[in-house]
Amino acid sequence: MNIQDYENQLEGKECRWCKDSSESKRRNNCSLEGLRILQYNHDGGYKVDGFEKPQWLYVVCPNCDYQWSLQKLGIAQQINPPDTK
Ligand SMILES: [Zn+2]
């Protein structure tokens with residue numbers, strides 16, 4: 001999985017904070033699809049092709065500037081996922 005593969009997984013994802021605001025409903029801009037993923041080294045992050053270390057991946061909502069980690073959006077492929085028994 002490279003960054004592009006992760007970006008593809010943003011399909012259909014929405015910013016929960018914007019979703020219910022009447023303004024963003026009108027402008028229909030609570031979608032996180034097509035955003036560029038940002039990343040930094042983080043032990044609890046994702047394995048990404050091209051990076052030696054695990055990467056913390058996130059996107060910034062263009063509407064409210066909230067930083068959505070891919071983890072919070074429910075996108076899998078973490079190296080050290082929480083124990084889910
Ligand atoms: Zn938002």
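I will try to describe carefully the structure that is included in this document. (Residues numbered from 1 in each chain as written. Predicted model: local features only at pLDDT ≥ 70, side-chain atom pairs only at ≥ 80, totals over all residues. Heavy atoms only, no water.)

What about the nonpolar core?
Here is step 1 of the chain: The biggest cluster of nonpolar side chains holds 18 residues, and the ones touching the most others in it are Tyr-6, Leu-32, Ile-37, Leu-57 and Val-59.
Here is step 2 of the chain: Every element with two or more residues in this core is listed here: helix 1 (3–8) and strand 2 (55–60).
Here is step 3 of the chain: Apart from the residues lying within four places of it in its own chain, the contact partners of Leu-57 are Ile-3, Tyr-6, Ile-37, Leu-38, Gln-39, Tyr-46, Val-48, Trp-68, Ser-69 and Leu-70. (Core = buried A, V, L, I, M, F, W, Y, C linked by side-chain atoms within 4.5 Å. Buried < 20%, exposed > 50% of the residue type's maximum accessible area, 1.4 Å probe, protein only. Helix = DSSP H or I, 4+ residues; strand = E, 2+ residues; numbered from the N terminus. Contact = heavy atoms within 4.5 Å.)

Brief notes about the coordination of the zinc ion
Here is step 1 of the chain: Summarising the metal site, the zinc ion is bound by the protein donors Cys-15 (SG), Cys-18 (SG), Cys-61 (SG) and Cys-64 (SG), whose distances to it range over 2.1 to 2.4 Å.
Here is step 2 of the chain: Around the zinc ion, the 4 donor atoms are arranged such that angles at the metal cover 106 to 113°; this shape is classified as tetrahedral.
Here is step 3 of the chain: Donor residues binding the zinc ion come from one chain and are separated in sequence as C-x2-C-x42-C-x2-C. In this pair, Cys-15 sits in the loop between helix 1 and helix 2 (16–19) while Cys-61 sits in the loop between strand 2 and strand 3 (67–69), placing the two residues 46 residues apart along the sequence. We note that Cys-15, like Cys-61, is buried. (Donors = N, O, S within 2.8 Å, 3.2 Å for Na, K, Ca; no water. Tetrahedral: all angles 85-135°; square planar, octahedral: opposite > 155°, others 65-115°.)

A word on the environment of Gly-44
Here is step 1 of the chain: In this fold, Gly-44 is placed in strand 1 (residues 38–46).
Here is step 2 of the chain: Between the C-alpha atoms of Gly-44 and Trp-56, which are 12 residues apart in sequence, the distance is 7.2 Å.

As far as function goes, none of this settles anything; it's purely spatial.
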